[in-house]
Amino acid sequence: MPKLSIQNLNLRRGGATVLRDVSLDVEAGELLVVIGPSGSGKSSLLRCVNRLNDIDAGSIHLDGRSIYDMPVTDLRRQVGMMFQKTAAFEGTVADNIAFGARLGGETLSRGAILDLMAQVSLEAELLDKPAAELSGGQEQRLAIARALALHPSLLLLDEPTSSLDPIATNHVEEALMRLRERSNLTMIWVSHAIEQARRVGSRVLLLDDGRVIREDTVSAMLDPEAGDRRALAFAEGDKAGLQS
């Protein structure tokens, strides 16, 4: 049974069709990278999985259960989401990491918070530092730790490094890849950077105009010599400054 199964999903927003008959399965422990040009529906697809958008037709099942049969609060504990730009809450790094768990009725010990920080490569000495003083890369890793505090089995990543410099991007990528290796956490990662998709993905899905154009392995889709011409054409657009 797939971790996530989407069948014939359709989404309309403001009278326009955003996603058209989208079907895909994501296996447990997989890292699926979603690519495509601006307006192709990548972020909207993630928002459907987390019920930030309610679909117009089709089905979404998590571990064989319709997400519409689950209380939204339960769904969002199981399906974490990280956006392009995160905002630290007032208070310390520890306060931020404990925030989501506290809403769910769980109190995290300092030891548990330090373990979460270690998982995302945040130094222990930052524990009691005001979160507002973190760098951009540290703040993104803080957001990952905050999501992990809810023990998700699926993590949705909407261009989590798009606003970071190369060094900070590398830190975030490394933290996420270690998490996947350590916990077999399933991830869906929207990216506009083809090189990033080559580095992190196990499989790639190409969206255009709300439709799935193709899904395949990274090598079959993005190999410079033998990859999919449409995916590589997108890559050329990305190099020219195309934003998703």
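So, a few notes on the structure that sits alongside this text. Everything numeric in this text was worked out from a predicted model, so none of it was measured.

**With respect to the side chain of Asn50**
- Looking at the element boundaries, Asn50 is found in the loop between helix H1 (42-49) and strand S4 (57-62).
- Once residues lying within four places of it in the same chain are set aside, the contact partners of Asn50 are Leu75, Arg76, Val79, Met81 and Leu156.

**Points about a nonpolar patch on the surface**
- Together, Phe89, Phe99 and Leu103 give the surface a local cluster of nonpolar side chains, amounting to about 290 Å² of exposed area.
- Positionally, Phe89 belongs in the loop between strand S6 (79-82) and helix H3 (93-103).
- Note on Phe89: relative accessible area 35%, which makes it partly exposed.

**Looking at the sheet that holds strand S2 (residues 16-26)**
- Within the open sheet, the 4 strands sit side by side as S2-S1-S4-S5. Their pairing is antiparallel. Since the sheet does not close on itself, it has two edges, and those belong to S2 and strand S5 (65-66), each with one partner.
- Relative to S2, strand S1 (residues 4-13) runs antiparallel, the two being bridged by 7 bridges. Opposite Arg13, over in S2, you have Ala16 as the bridge partner.

**Considering the side chain of Asn96**
- Along the chain, Asn96 turns up in helix H3.
- A distance of 2.7 Å separates a polar atom in the side chain of Asn96 from the backbone nitrogen of Phe89.
- If near-sequence neighbours (up to four positions away) are discounted, Asn96 is found in contact with Ala88, Phe89, Glu90, Gly91, Ala131, Leu142 and Arg146.

**Some thoughts on the sheet that holds strand S9 (residues 203-208)**
- Taken together, 6 strands build an open sheet; the order of strands is S6-S7-S8-S3-S9-S10 and the sheet is mixed. Two strands lie at the open edges of the sheet, namely S6 and strand S10 (211-217), each paired on one side alone. With direction set aside, neighbouring strand axes in the sheet form an average angle of 15°.
- Two elements, S6 and strand S7 (residues 154-158), share 4 bridges in a ladder whose sense is parallel. Bridged to Gly80 within S7 is Leu155.

What counts and how
Residues numbered from 1 in each chain as written. Predicted model: local features only at pLDDT ≥ 70, side-chain atom pairs only at ≥ 80, totals over all residues. Heavy atoms only, no water. Helix = DSSP H or I, 4+ residues; strand = E, 2+ residues; numbered from the N terminus. Contact = heavy atoms within 4.5 Å. Patch = residues over 30% accessible without salt bridge, like charges linked within 9 Å, V, L, I, M, F, W, Y side chains within 5 Å. Areas by Shrake-Rupley, 256 points an atom, 1.4 Å probe, with all protein chains shown as cover. Salt bridge = Lys/Arg side-chain N within 4 Å of Asp/Glu carboxyl O. Buried < 20%, exposed > 50% of the residue type's maximum accessible area, 1.4 Å probe, protein only. Pairing = 2+ DSSP bridges. Polar contact = N/O pair within 3.5 Å; in protein donor to acceptor, adjacent residues only side chain to side chain. Axes fitted to C-alpha atoms, helices over the stretch in contact; angles between N-to-C directions.

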